[in-house]
Amino acid sequence: MTKTTAAITAVGGYVPQFVLTNQMLEGMVETNDEWITSRTGIKERRVLKPEEGEGTSYMAIKAAREVLEKRGIDASELDLIIVATATPDSLVASTAAFVASEIGATNAFGYDLLAACSSFLFGMSTAASYIVSGTYRKVLLIGADKMSSIINYKDRTTCIIFGDGAGAVLFEPNTEGLGLQDEYLRADGKGRQFLGMEGGGSLMPATEESVRNNKHFIFQDGKTVFKFAVSNMADVAARILERNHLKGSDVAWLVPHQANKRIIDATAKRMGLEGEKVMMNIQKYGNTTSATLPLLLHDYESRLKKGDKLVFAAFGGGFTWGSAYLTWAYD
Ligand code: UT7
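Residues numbered from 1 in each chain as written. Predicted model: local features only at pLDDT ≥ 70, side-chain atom pairs only at ≥ 80, totals over all residues. Heavy atoms only, no water.

Overview of the site of the ligand
Step number 1: Taken together, 23 residues sit near the ligand, with T31, R39, K223, N260 and N287 positioned nearest.
Step number 2: Between the ligand and the protein, one listed contact pairs an oxygen atom with a backbone N or O atom of G222 at 3.0 Å.
Step number 3: The separation between an oxygen atom of the ligand and a polar side-chain atom of N260 is 2.6 Å.
Step number 4: With the chains in place, 74% of the 950 Å² that the ligand exposes on its own is no longer accessible.
Step number 5: More than half of the atoms of the ligand fall within 2 Å of the grid points belonging to the second largest pocket.
Step number 6: Within the residue set of the shell around the ligand, elements represented by two or more residues are α2 (33–40), α8 (222–243) and α9 (261–271).
Step number 7: Top contributing element to the shell around the ligand by residue count: α8, with five residues.
Step number 8: Lining the shell around the ligand are residues from two domains, each supplying at least three of them: domain 1 (5–177) and domain 2 (180–327). (Near = heavy atom within 4 Å. Polar contact = N/O pair within 3.5 Å; in protein donor to acceptor, adjacent residues only side chain to side chain. Areas by Shrake-Rupley, 256 points an atom, 1.4 Å probe, with all protein chains shown as cover. 1 Å grid on protein atoms, 1.4 Å probe; cavity = no way out; pocket = protein on both sides within 12 Å on 5 of 7 lines; lining within 4 Å. Sits in = over half its atoms within 2 Å of the grid points. Helix = DSSP H or I, 4+ residues; strand = E, 2+ residues; numbered from the N terminus. Domains from an automatic or database assignment.)

Set out below in structure tokens:
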């Protein structure tokens, strides 16, 4: 019997229209274009304004519709929709359920998956497992975040980094052995003191005091997170190469979470990869959390070839991190 693997068969993406440049940030907080560019690689990011649309689902729906259109299928053929996100439309009711009904996925169930910047990577593992087990045949994985909803635009340590966006991929069975090949996923809950949002959850429900003290905005101890991110992202990517007997020269593309260009460069160096094999769009979108990986695939899709070996790597709040090896399934 032929072995079934889980392959990506279509990609969609969406970023909001409003562009927040480094120059604009110079007028909002004590910062400058030179600092932001040299420390992070970011020049601009997108922000979803109420005039355009509201909530993470607005962008997720756009990305989902592009996937359906490109693959030429009807939403009713979907079995499952997973929305990887750190900023769901609201707590309790899942954003995925809303996305499903809005796009007409009448035969699908859906749920959200939360693991900060590793949400999409962990979602790839989840989506692929359903396919390989034979339980479902069409799983839509969306990575979407409206980071502007939890950013304090008076806090220069976070507002220069994050942006809004969404990307989506369809996972389907493949009989040529293409698709997800291997993964190494990790978590360390002690990291939550260095990156996260204290208010709004069950530990600290909203009160007048929590709002006054800015507890409903994301915080990060950048230096500490940077240290963990650099070593862990490079470690897991190197481990994935090693246990799949791959050299840097075998890899067509590194698909790295877009948190900081310096972290990406360090990971690529450790893997022995040249710069032109590293997907990068941090300069125009900043860190879109769950959307970085699918937005990279969306931007680079026309350059991907069937059989290309892709190594994904991510690091995020929690802490959560990991790497995955996937072969591309179409030209
Ligand atoms: O996606 C989830 C995972 N997140 C990450 O991977 C983010 C990891 N961290 C980082 O990317 C970096 O730590 C940052 C980009 C957040 C900060 O870069 P850094 O090189 O670690 O800078 P720093 O925090 O050590 O700050 C250096 C200096 C400080 O001044 P002093 O103390 O040296 O006088 C800061 O006060 O830069 C100052 N600074 C700024 N200056 C201008 C901090 N933020 C800014 C700013 N503009 N926005």
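Looking at the layout of surface pockets
Step number 1: Of the voids in this model, the largest pocket is the one considered here, and its volume is about 1100 Å³.
Step number 2: Considering the residues around the largest pocket, the lining is formed by 36 residues, among which A86, L114, G196, M197 and G199 are closest to the centre.
Step number 3: Tallied by class, the residues present in the lining of the largest pocket amount to 16 nonpolar, 16 polar and four charged.
Step number 4: Both of domain 1 (5–177) and domain 2 (180–327) provide at least three residues apiece to the lining of the largest pocket.
Step number 5: For the second largest pocket, the calculated volume is near 660 Å³.
Step number 6: Taken together, 28 residues make up the lining of the second largest pocket; nearest its centre are I161, Q220, G222, K223 and N260.
Step number 7: The biggest single contributor to the lining of the second largest pocket is α8, with six residues. (Points joined across faces, edges and corners; volume = space filled by probe spheres on them. Nonpolar A, V, L, I, M, F, W, Y, C, P; charged D, E, K, R; others polar.)

Here's the deal with the environment of M59
Step number 1: Note on placement: M59 falls in helix α3 (residues 56–71).
Step number 2: Beyond its immediate sequence surroundings of up to four residues, M59 is in contact with Y14, P16, L48, D145, K146, D164, G165 and A166. (Contact = heavy atoms within 4.5 Å.)

Regarding the domain arrangement of the protein
Step number 1: Parsing the protein into structural domains produces domain 1 (5–177) and domain 2 (180–327).
Step number 2: Relative placement of domain 1 and domain 2: their C-alpha centres are 14 Å apart.
Step number 3: Of the residues lining the interface, 55 residues belong to domain 1; the matching set on domain 2 comes to 47 residues.
Step number 4: Carbon and sulfur atoms make up 63% of the area that domain 1 and domain 2 hide from each other, which totals about 3800 Å².
Step number 5: It is C117, L121 and I150 in domain 1 that bury the most area against domain 2; as a group they hold 17% of the surface buried on that side.
Step number 6: At the junction of domain 1 and domain 2, the tally comes to two salt bridges.
Step number 7: For the salt bridge of E301 with K70, the shortest nitrogen-to-oxygen distance reads 2.7 Å.
Step number 8: When contributions to the side of domain 1 that touches domain 2 are tallied by element, the ones reaching two or more residues are β1 (5–14), α2, β3 (44–47), α3, α5 (119–133), β6 (139–146), α6 (156–159) and β7 (164–174).
Step number 9: Looking at the side of domain 1 that touches domain 2 residue by residue, the class counts come to 27 nonpolar, 17 polar and 11 charged. (Buried area = accessible area lost by both parts, 1.4 Å probe. Salt bridge = Lys/Arg side-chain N within 4 Å of Asp/Glu carboxyl O.)

Points about the environment of F228
Step number 1: With respect to the helices and strands, F228 occurs in helix α8.
Step number 2: Not counting residues within four places of it along the chain, the set of residues in contact with F228 comprises M233, F315 and F319.

Some points on the sheet that holds strand β8 (residues 179–187)
Step number 1: Spatial ordering of the open sheet is given by β8-β13-β12-β11, a layout of four strands whose pairing is mixed. Edge strands, defined here as strands with exactly one partner in the open sheet, are β8 and β11 (253–256). The average angle at which neighbouring strand axes cross in this sheet is 15°, direction not considered.
Step number 2: Of the pairings in the sheet, the one linking β8 to strand β13 (residues 320–327) comprises eight bridges and is antiparallel in character. Its bridge partner lying in β13, L185 is registered against G322.
Step number 3: Of the strands in this sheet, β8, β11, β12 (309–316) and β13 touch α8, which is tilted by about 150° from β12. (Pairing = 2+ DSSP bridges. Axes fitted to C-alpha atoms, helices over the stretch in contact; angles between N-to-C directions.)

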